[in-house]
Amino acid sequence: MIVLLSRLQFAFTVSFHFLFVPLTIGLILLTAIFQTLAVVKKDQMYRRIADFWGELFVINFAVGIVTGLIMPIQFGTNWSAYSIFMGDVFGSPLALEALLAFFLESTFAGIWIFKRHKLSDKFRMVVVWLITLGTTISAIWIITANGFMQHPVGYEMAADGSKVLLTNFAEVVANPYSLFMLAHTLLSAFLLGAFFVVCVSAFHFMKDLKAPNAERTAFFKKSMTVAVIVGLMASILIPIEGNAYAKYLGQNDVQPLKGAILRDQVDANGQMTSGEVKETSKEADIDAKSEATLKAAADNLSNLDRKPPVKFVYYSFLIMQVLGYFFLGFFLFLLLLPKLLQKNRLVQKIAIYAIPLPYIAITLGWIVAEVGRQPWLVYNLMTVEDGVSTVAESAVWFSLFTLIVFYIILFAMDLYLLMKKARKGPALEDKGGVVNES
Amino acid sequence: MSHDVLAIIWFAILLTAWSVYLAFESFVVGSGMLQPFITKDKDAQQAISRPAGLHWDGIEVWLITAIGGTFAAFPAVFAKTLESLYVAFFLLLILLMIRGVTIELAYRDENPLWRKIMTRAWNISSLLIPLVFGVYFSNLFGGLKLGANGNEGKFFEIFNLNSIVMGVLFVAVCAITGSAWIVLTGGKNKDAFKEKAYGIAFKASIVVALAVLYEMMAFNTGEGIFGRSQLFNDAPILWAVPVLLVLVTLANILFTRKKSAWLSLIFGMLTLPLLVIIGYLANYPYMLPSSIDAKFGINLFDAASSQYTLTVMFYAALIFVPIVLVYQGWKFWYFAKR
């Protein structure tokens, strides 16, 4: 029960946290681009565009930051056996994330949130790019940590087998698994940010149909143009990169079972149905040690009664792919026929109701990544069951229940503010009104 | 460098991170909890929120660094501390989350009810955060009930006279630095804030002095942390640190009485780091002491990560900690005059 509750709590807190992360990463990049255009083109409308999207970023960032705080703590509270086993390798990326990324983004986000209206365009541009740099570096380190859990490299077992020891830090950082994941995560965050900007713009074009306003039209046309370019680039790159990623992870020395699930070559009992053995990686000089671990792992796996829920992972992957192609079509369509989003009510409606889609795609992607490697907590090294803390069941019930209640409140607050601001739109000069007074 | 030397260096780095965090957090939460007592005027209240909002997040990362650094350098200490104080940590987390989200979002909506609820939640969480930290450190230094089968303590046992006095001490220190910070960042409201702020700060400094006196006496019994301290016995020169703490406490009284904002801020900020340094030094080499039997505690040499990990992380800290200090220092300096 402790294992189940702890898994539920981690899944819940991390999924909730990751509703905010990709929009943070995506919106701050777009805000940085808008603010740069304000400097380069000396066009004050771009400053206001950066303000509007940068304000939506702020609301989202606030919830992202506080729900992120709980994540590293949970490794100790709920997964203490894991933390002791893995700390030598896993603690470093987390500490480096704080040192290299969190300090940067939070120090400068404070300036953006509370002082941006008092700063010059160039100063603002530097601040926003530093936040963008911080969020990106943060993604690098957390995915380095996760990549090790998916595909451990650069380590050795302690002599007594009680923990893993770091032997090559560069190898951990250059872990191909992490690099594939990182590219996938960043690209999907850029896509989500762009999609969000386009869909909120659609809402304002719809307003424009009822009460035309030249300034508003120009404001959202400019927003949309940049977002469509960013979104199209991301949605072209994602399937290309994703395809290489899926091929890579299906190799025998990476995660063959997950790879087979994604190719629909596994039956419900977790047995691979296809006899063909996928080629091993290019650097196929598997030494005796890793061959032994591989064999041990295969034996382990066949002895374990818990397998990944095959169909759940497969359909998550399938739906994610379908959505990926939808996004590609969506951005391509808008590149060719941007007028339709500005004039056609049906297209506008579709865009507005489609806002949840990239969130769904991203969550499904994480389900593939995390559920697809079950029952492993650290691939081939530690099962989820072995990683859990020795705490009272009542304590975990308490934390899980408290967090669910608290997160529902947070979600309601975020949705209320985000929708209110997004609907209200920027302050238009001929109408007066102030977006915010900070 | 040998493994032991690296372990000691990491112990020192983590003490530094905790010290920076507590010193700076004290005035952020201090200004949060005092805000409604300093002024009832809505605009003036906003003038107190803004400087806190500008800086809180960058400061809270020092806490994440202290905890993340413990994970990297002493995984067992990280894991066993959090596991043993499970409920307490979730309460602290919820409070920190409430504080963060309310300060960021309070002024993002014009609705007066929204602002009122957000501001109240900010005030209350700012009061409770130092209280919980005080209770936490008191329990940590006194030793957890770690036995052969792990933690044997119950959640409610973390509340006892020593820990509650420590909690009050933390809150009172935050009231000193918080008042000074409110005056220093008050801008045009400065004069309106002064009278109440200095009044609160002076009273708080008396509370701090009494609480420090009590804790020092409790530490100094046979069972107390000085009584069983290996390091304080071996190196009597370390008694200079508690003496320094007492002097700082007296300086707090003096400077709050003299209404010197800068000096009461600086000496107030020194108080909590000194207290925490004393606690860690007295327990040395244990980072997670056991109150049942010393052998069940976790000492820093056994818990330390491998020599390789400690070395890599040492160079990372050597390069990046100064960079962080520079840009955070710049931010305080730059916005101090704006």
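Residues numbered from 1 in each chain as written. Chains lettered and ligands numbered in written order. Predicted model: local features only at pLDDT ≥ 70, side-chain atom pairs only at ≥ 80, totals over all residues. Heavy atoms only, no water.

Our focus in this paragraph is a positive patch on the surface. A surface patch of positive charge is lined by Lys40, Lys42, Lys116, Arg120 and Lys196 of chain B. Overall, Lys40 of chain B belongs to the exposed group, its relative accessible area being 66%. (Patch = residues over 30% accessible without salt bridge, like charges linked within 9 Å, V, L, I, M, F, W, Y side chains within 5 Å. Areas by Shrake-Rupley, 256 points an atom, 1.4 Å probe, with all protein chains shown as cover. Salt bridge = Lys/Arg side-chain N within 4 Å of Asp/Glu carboxyl O. Lys, Arg positive; Asp, Glu negative; His and termini not counted. Charge placed at Lys NZ, Arg CZ, Asp CG, Glu CD. Buried < 20%, exposed > 50% of the residue type's maximum accessible area, 1.4 Å probe, protein only.)

This brings us to the packing of helix H1 (residues 3-38) of chain B against helix H6 (residues 161-184) of chain B. Residue and element names in this part refer to chain B. As a packed pair, H1 and H6 sit with axes 6 Å apart at the nearest point and diverge in direction by 80 degrees. By the angle between their directions, the pair H1 and H6 is classed as roughly perpendicular. Counting all contacts with H1, which are made through Leu22, Ser26, Phe27, Val29, Gly30, Ser31, Met33, Leu34 and Ile38, the residues of H6 involved are Phe170, Val171, Cys174, Ala175, Thr177, Gly178, Ser179, Trp181 and Ile182. Looking at the contact of H1 with H6 residue by residue, the classes come out as twelve nonpolar, six polar and no charged. (Axes fitted to C-alpha atoms, helices over the stretch in contact; angles between N-to-C directions. Helix = DSSP H or I, 4+ residues; strand = E, 2+ residues; numbered from the N terminus. Parallel < 35°, antiparallel > 145°, perpendicular 65-115°, else oblique. Contact = heavy atoms within 4.5 Å. Nonpolar A, V, L, I, M, F, W, Y, C, P; charged D, E, K, R; others polar.)

Moving on to helix H3 (residues 75-84) of chain B. The buried fraction of H3 of chain B amounts to nine of the ten residues, a majority that puts the element mostly inside the structure. Buried residues of H3 of chain B: Pro75, Ala76, Val77, Phe78, Ala79, Thr81, Leu82, Glu83 and Ser84 of chain B, and no others.

This brings us to the interface of chain A and chain B. Each partner contributes residues to the interface: chain A has 73 residues there, and chain B has 64 residues. Applying the counting criterion to the chain A and chain B interface returns two salt bridges. Between Glu55 of chain A and Arg108 of chain B there is a salt bridge whose closest N-O contact spans 2.8 Å. On the surface where chain A and chain B come into contact, there are 15 residue pairs in polar contact (both at pLDDT 80 or more). (Polar contact = N/O pair within 3.5 Å; in protein donor to acceptor, adjacent residues only side chain to side chain.)

Applying the stated rule across the entire model yields 72 aromatic pairs over all chains. Relative to Phe71 of chain B, the ring of Phe90 of chain A lies with its centre 5.8 Å away and its plane at 55 degrees, an arrangement referred to as tilted. Residue Phe90 of chain A is located in helix H3 (residues 80-115), and its partner Phe71 of chain B is located in helix H2 (residues 42-73); the two belong to separate chains. Per residue, the accessibility class of Phe90 of chain A equals that of Phe71 of chain B, and both read buried. Aromatic pair Phe326 of chain A and Phe327 of chain A: ring centres 5.8 Å apart, planes at 65 degrees, arrangement edge-to-face. You can call Phe326 of chain A partly exposed: its relative accessible area is 33%. By the ring-pair criterion, three or more aromatic residues cluster together here, those being Phe11, Trp18, Tyr21, Phe89, Phe133, Tyr136, Phe137, Phe141, Phe170, Tyr280, Tyr284 and Phe301 of chain B. The cationic tip of Arg116 of chain A hangs over the ring face of Trp112 of chain A; the distance from NZ or CZ to the ring centre is 4.9 Å. Here the basic side chain of Arg50 of chain B rests over the ring of Tyr107 of chain B, its NZ or CZ set 5.6 Å away from the ring centre. (Phe/Tyr/Trp six-rings, centres within 6.5 Å; stacked < 30°, edge-to-face > 60°. Lys NZ or Arg CZ within 6 Å of the ring centre and 35° of its normal.)

Turning next to the environment of Ile240 of chain A. Residue and element names in this part refer to chain A. Relative to the elements of secondary structure, Ile240 occurs in helix H7 (residues 214-249). A residue is classified by how much of its surface remains accessible, and Ile240, at 56% relative accessible area, is exposed. Spatially, the C-alpha atom of Ile240 lies 11 Å from that of Tyr325, the residues being 85 residues apart in sequence.

It is worth spelling out the pattern of salt bridges at this point. This structure, assessed with the given rule, holds 18 salt bridges over all chains. In this structure, Arg216 of chain A engages Asp208 of chain A in a salt bridge whose closest nitrogen and oxygen atoms are separated by 3.0 Å. One exposure class covers both Arg216 of chain A and Asp208 of chain A, and it is buried. A salt bridge links Glu25 of chain B to Arg99 of chain B, with the shortest nitrogen-to-oxygen separation between them at 2.8 Å. Here Glu25 of chain B is found in helix H1, whereas its partner Arg99 of chain B is found in helix H4 (residues 86-105), with 74 residues between them in sequence. Of the residues examined, Glu25 of chain B reaches a relative accessible area of 3% and is grouped as buried. One network of salt bridges, in which partners are shared, links Asp51, Glu55, Arg116, Arg124 and Lys421 of chain A together with Arg108 of chain B.

The next subject is the side chain of Asp208 of chain A. Residues and elements named next belong to chain A. Among the structural elements, Asp208 can be located in helix H6 (residues 176-210). Within the local environment of Asp208, its side chain forms a polar contact with the side chain of Arg216, the two groups lying 3.0 Å apart. If near-sequence neighbours (up to four positions away) are discounted, Asp208 is found in contact with Asn213, Arg216 and Thr217.

Next up on the list: the environment of Val66 of chain A. Following the sequence through the fold, Val66 of chain A ends up in helix H2 (residues 44-77). Among the residues examined, Val66 of chain A registers a relative accessible area of 2% and is labelled buried. Each C-alpha atom of the pair Val66 of chain A and Leu410 of chain A lies 10.0 Å from the other, and the pair is 344 residues apart in sequence. Sequence-distant contacts of Val66 of chain A, that is, excluding residues within four places in its chain, are made with Leu410 of chain A together with Met97, Gly100 and Val101 of chain B.

A word on the confidence of the model for chain B. The predicted structure's coordinates, where accompanied by low pLDDT, should not be read in detail. Of all residues in chain B, 100% have pLDDT values of 70 or greater, and the mean over the chain is 94. This prediction of the complex comes with two scores: 0.92 for pTM and 0.92 for ipTM. (pLDDT = per-residue confidence, 0-100.)

Let us look at the nonpolar core. Trp53 and Tyr82 of chain A together with Phe74 and Phe137 of chain B are the most contacted members of the largest nonpolar core, which has 279 residues in total. When neighbours within four sequence positions are excluded, Phe137 of chain B is seen to be in contact with Trp18, Leu22, Phe170, Val276 and Tyr280 of chain B. (Core = buried A, V, L, I, M, F, W, Y, C linked by side-chain atoms within 4.5 Å.)

All names here are of chain B. Where helix H5 (residues 112-142) contacts H6, the two axes come as close as 7 Å, and the packing angle between them is 135 degrees. Put simply, H5 runs oblique to H6. Considering how the two elements wind past one another, H5 and H6 form a crossing that is right-handed. Along its contact with H5, which presents Leu127, Pro130, Leu131, Phe133, Gly134, Val135, Phe137, Ser138 and Asn139, the element H6 presents Asn162, Ser163, Met166, Gly167, Val168, Phe170, Val171 and Cys174. Class assignment of the residues belonging to the contact of H5 with H6 gives a composition of eleven nonpolar, six polar and no charged. (Left-handed = near helix turned anticlockwise from the far one by under 90°.)

The residue after Gln374 of chain A, namely Pro375 of chain A, is reached through a cis peptide bond having omega 5 degrees. You can see Pro375 of chain A is positioned in the loop between helix H13 (356-371) and strand S3 (376-378). Note that the residue after Tyr284 of chain B, namely Pro285 of chain B, is joined by a cis bond; omega there is 5 degrees. Relative to the assigned elements, Pro285 of chain B resides in the loop between helix H10 (261-283) and strand S3 (286-288). The phi angle at Lys42 of chain A is positive, at roughly 50 degrees, despite the residue not being glycine. With respect to the secondary-structure elements, Lys42 of chain A resides in the loop between helix H1 (2-40) and H2. Taking relative accessible area as the criterion, Lys42 of chain A reaches 71% and is therefore assigned exposed. The backbone of Asp264 of chain A shows a phi angle near 60 degrees, a positive value even though the residue is not glycine. Here Asp264 of chain A lies in the loop between helix H8 (256-262) and helix H9 (288-303). A residue is classified by how much of its surface remains accessible, and Asp264 of chain A, at 36% relative accessible area, is partly exposed.

Attention shifts here to the environment of Leu144 of chain B. All names here are of chain B. Among the secondary structure elements, Leu144 is positioned in the loop between H5 and strand S1 (146-147). With a relative accessible area of 5%, Leu144 lands in the buried category. Along the primary structure Leu144 and Ile292 are separated by 148 residues, whereas in three dimensions their C-alpha atoms are 7.9 Å apart. In this structure, Leu144 is in contact with Ser84, Leu85, Asn139, Leu288, Pro289, Ser290, Ser291 and Ile292, ignoring residues within four places of it in sequence.

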